[in-house]
Amino acid sequence: MTSAPLQAIRGTRDIWGTEIRLWQYLEQHARDILGRANYQEIRTPLFEATELFQRGIGEGTDIVSKEMYTFTDRGERSLTLRPEGTAGVVRSLIEHKRLSQGVQRCWYQGAMFRYERPQAGRQRQFHQLGVEVFGSEDPRVDVEVMAVALEFLQALGIPNLTLELNSVGDPADRQRYKAALVEYLTPYAADLDPDSQVRLTKNPLRILDSKDPATQAILRTAPLLPQYLGKAAQQHFEQVQEGLQALGLAYELNPRLVRGLDYYTRTAFEITTQDLGAQSAVGGGGRYDHLVEELGGTATPAVGWAMGLERLVVLLQKQGEPPAPELDIYVVSQGAGTATLSLQISQMLRGHGLRVEMDVSQSSLGKQIKRADKLGSKACVIVGETEVTTGQIPVKWLATGVQEIVTFPNGFRDATFWQKNFR
Ligand code: AMP
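Attention here is on the structure that accompanies the text.

Reading the values: the criteria
- Residues numbered from 1 in each chain as written.
- Predicted model: local features only at pLDDT ≥ 70, side-chain atom pairs only at ≥ 80, totals over all residues.
- Heavy atoms only, no water.
- Axes fitted to C-alpha atoms, helices over the stretch in contact; angles between N-to-C directions.
- Helix = DSSP H or I, 4+ residues; strand = E, 2+ residues; numbered from the N terminus.
- Parallel < 35°, antiparallel > 145°, perpendicular 65-115°, else oblique.
- Left-handed = near helix turned anticlockwise from the far one by under 90°.
- Contact = heavy atoms within 4.5 Å.
- Nonpolar A, V, L, I, M, F, W, Y, C, P; charged D, E, K, R; others polar.
- Near = heavy atom within 4 Å.
- Polar contact = N/O pair within 3.5 Å; in protein donor to acceptor, adjacent residues only side chain to side chain.
- Expected span 1.5 Å × (residues − 1).
- Buried < 20%, exposed > 50% of the residue type's maximum accessible area, 1.4 Å probe, protein only.
- Arc of directions from axis to C-beta.
- Phe/Tyr/Trp six-rings, centres within 6.5 Å; stacked < 30°, edge-to-face > 60°.
- Lys NZ or Arg CZ within 6 Å of the ring centre and 35° of its normal.
- 1 Å grid on protein atoms, 1.4 Å probe; cavity = no way out; pocket = protein on both sides within 12 Å on 5 of 7 lines; lining within 4 Å.
- Points joined across faces, edges and corners; volume = space filled by probe spheres on them.
- Patch = residues over 30% accessible without salt bridge, like charges linked within 9 Å, V, L, I, M, F, W, Y side chains within 5 Å.
- Areas by Shrake-Rupley, 256 points an atom, 1.4 Å probe, with all protein chains shown as cover.
- Salt bridge = Lys/Arg side-chain N within 4 Å of Asp/Glu carboxyl O.
- Core = buried A, V, L, I, M, F, W, Y, C linked by side-chain atoms within 4.5 Å.
- Domains from an automatic or database assignment.

To continue, consider the packing of helix α1 (residues 17-36) against helix α5 (residues 139-155). Running from N to C, α1 and α5 cross one another at 140 degrees; their axes reach a closest spacing of 10 Å. Relative to α5, the element α1 lies oblique. The interaxial crossing formed by α1 with α5 has right-handed handedness. Contact residues: α1 offers Tyr25, Leu26, His29, Ala30, Ile33, Leu34 and Arg36, while α5 offers Val148, Glu151, Phe152 and Ala155. Class assignment for the residues of the contact of α1 with α5 results in 8 nonpolar, 1 polar and 2 charged.

Once that is clear, we can look at the site of the ligand. Around the ligand, the structure places 14 residues, and the nearest of them are Arg114, Glu116, Gln123, Arg259 and Val282. For the ligand, a nitrogen atom lies 2.6 Å from a polar atom in the side chain of Glu116. One of the backbone nitrogen or oxygen atoms of Gly308 is found 3.2 Å away from an oxygen atom of the ligand. Only β6 (125-134), β10 (281-287) and β11 (302-308) provide two or more residues apiece to the shell around the ligand. Counting residues per element, the shell around the ligand draws most heavily on β10, which supplies 3 residues. The residue makeup of the shell around the ligand, split by class, is 4 nonpolar, 5 polar and 5 charged.

Residues Phe408 and Pro409 are joined by a peptide bond in cis, for which omega reads 0 degrees. Secondary-structure assignment places Pro409 in the loop between β16 (403-407) and α15 (410-413). Non-glycine residue Glu76 carries a positive phi angle of around 65 degrees. Position of Glu76 relative to the elements: it lies in the loop between β3 (69-72) and β4 (78-81).

Over its 16 residues, helix α9 (residues 231-246) extends 22 Å from the first C-alpha to the last, a length consistent with the 22 Å expected when each residue adds 1.5 Å. Within the sequence span of α9, burial applies to Ala233, His236, Phe237, Val240, Gln241, Gly243 and Leu244. With its buried residues spanning 160 degrees around the axis, α9 presents them on a single face. The exposed residues of α9 that point more than 90 degrees off its buried face are Lys231, Gln245 and Ala246. Packed against the buried residues of α9 are α5, β7 (161-167), α6 (171-185), β8 (252-253), β9 (265-273) and β10. Within two residues after α9, Gly248 carries a phi angle of roughly 70 degrees, on the positive side.

Turning our eyes to something else, we now look at the packing of aromatic side chains. Going through the model one piece at a time under the given rule, you end up with 10 aromatic pairs. Summarising the aromatic geometry, the rings of Phe417 and Trp418 are spaced 5.1 Å apart at their centres and angled 85 degrees between planes, so their arrangement reads as edge-to-face. Of the two residues, Phe417 and Trp418, both sit in the buried class. Every member of this aromatic cluster is reached through a ring pair, and the members are Trp397, Phe408, Phe412, Phe417, Trp418 and Phe422. For Arg124, the ring lying beneath its charged end belongs to Tyr115, and the centroid distance is 3.9 Å.

A separate point is α1. The end-to-end C-alpha distance of α1, which contains 20 residues, comes to 30 Å, matching closely the 28 Å that a straight helix rising 1.5 Å per residue would cover. Three or more residues of α1 are buried, namely Glu19, Arg21, Leu22, Trp23, Leu26, His29, Ala30, Ile33 and Leu34. Residues of α1 that are buried sit in contact with β5 (104-113), β6, α5, β11 and α11 (309-317). A positive phi of about 60 degrees marks Asn38, the residue just after α1.

Attention now moves to empty space enclosed by the protein. Inspection of the entire model under this criterion finds 1 cavity of 30 Å³ or more. Each pocket or cavity is described by its volume, and for the largest cavity that value is around 40 Å³. Lining the largest cavity are Thr12, Arg13, Ile15, Gln123, Gln125, His127 and Glu310. Looking at the lining of the largest cavity, its residues break down into 1 nonpolar, 4 polar and 2 charged.

Among the surface-exposed residues, Leu46, Phe47 and Phe71 lie close enough to one another that they form a single nonpolar patch of about 270 Å² accessible area. Mapped onto the secondary structure, Leu46 falls in the loop between β1 (40-41) and β2 (47-49). The class for Leu46 is partly exposed, based on a relative accessible area of 39%.

This part takes up the environment of Arg176. Summarising the element assignment, Arg176 is placed in helix α6. Given a relative accessible area of 44%, Arg176 falls into the partly exposed group. Sequence-distant contacts of Arg176, that is, excluding residues within four places in its chain, are made with Tyr228, Leu229 and Gly230.

What follows covers the nonpolar core. In terms of nonpolar packing, the biggest core is built from 85 residues, with Leu34, Phe134, Phe152, Leu185, Leu244, Trp305 and Leu312 touching the most fellow members. Element by element, the count of residues in this core is highest for α5, at 10 residues. Counting the residues that make up this core, at least three belong to each of domain 1 (17-170 + 250-317) and domain 2 (171-229). Listed in part, the 19 residues of the second largest apolar core include Leu354, Ala379, Phe412 and Phe422.

In structure tokens form, the structure reads like this:
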């Protein structure tokens with residue numbers, strides 16, 4: 001009986017070949033730019049207690065109500081593959097008592113899991129890069145995290161980005177707004193799209209995200225969140241805008257911007273582009289001053305963002321493939337005693353910081369040298385039986401065909417010679 005060929009699970013994908021170089025480039029930039037802002041990397045587990053996400057993201061959200069990969073392990077614990085990064089980071093900082101140690105700036109990167117309908121720019125396993133800053137209510141921190149996000153995207157050379165900004169107020173402001181929105185929408189309930197009808201009782205703010213034209217039309221004259229901000233939230237919002245202006249960072253106010261998660265307070269923002277089609281959000285974030293308390297820690301203000309790396313990779317691909325790293329040396333060998341010598345030579349050359357591949361095909365020398373050419377190697381070290389006895393090893397420069405002799409082992413130990421020729 002033949003079984004169906006094994007395949008990657010729907011909504012997941014392999015990353016390899018030229019694409020992997022874009023990921024490495026992204027990751028390198030993240031490390032450089034976030035490191036320069038003195039953010040510390042944190043790696044938290046891929047799975048956590050389900051309760052963490054239920055409490056941290058909110059029962060009324062799409063993520064918790066229908067998108068989590070939740071399972072019971074062999075010890076009868078309910079566990080969930082992390083659908084986002086913030087809850088785990090908060091859990092970790094509370095657990096390790098880091099929140100009483102002054103302002104904490106963290107960044108993370110890694111796979112997240114959501115049971116969503118896979119489509120372009122939307123997967124079930126995807127990757128996010130995120131930052132979180134804990135321990136300050138200062139609006140300058142909101143500005144800093146947005147500035148760092150934009151700096152990262154600019155360093156990657158991604159054009160046509162828009163920073164959309166809103167304030168979702170303090171919880172009491174949001175309560176008043178929610179009531180006003182529900183009061184406004186209730187007479188139109190029957191005309192709303194089915195999702196929005198459900199949200200009217202469960203999570204009315206999310207109706208503002210609806211793409212349905214009929215719902216959109218109804219929303220056009222709906223009350224707007226910024227009109228409901230209390231004095232403190234209003235002042236914070238103004239200071240954030242002044243900070244962005246002082247840095248010369250352009251932004252657009254979007255009074256309908258609410259984020260998918262329940263825990264946001266005050267600043268909410270999204271970075272969007274027209275270059276991605278329907279999934280226009282590159283990343284988003286905001287302030288979440290009550291999440292730490294919600295998860296059992298002492299009240300600690302916080303602000304952060306997350307970006308989808310798959311979407312950044314798509315944007316980078318539009319700018320062309322990155323150059324492949326060049327192979328410096330291909331070591332070919334044939335005949336008695338050459339196997340060990342080629343192993344030793346390859347090892348020594350890698351020790352000089354060169355990129356080296358050893359041929360193990362056992363085909364003819366001619367074929368092996370052809371392979372060196374095909375791989376675009378700069379040079380080829382040729383190890384034959386005679387060379388094992390004489391220790392006089394030919395190195396052929398493939399671009400010119402010029403050959404020179406290097407003595408084993410001393411010539412191969414001479415870092416200056418090799419580095420001069422290859423760097
Ligand atoms: P969120 O945590 O929902 O605010 O998402 C932050 C960013 O992660 C979004 O702006 C997207 O770039 C990315 N993202 C979220 N969900 C997915 C997904 N299912 N597939 C790919 N990227 C995603």
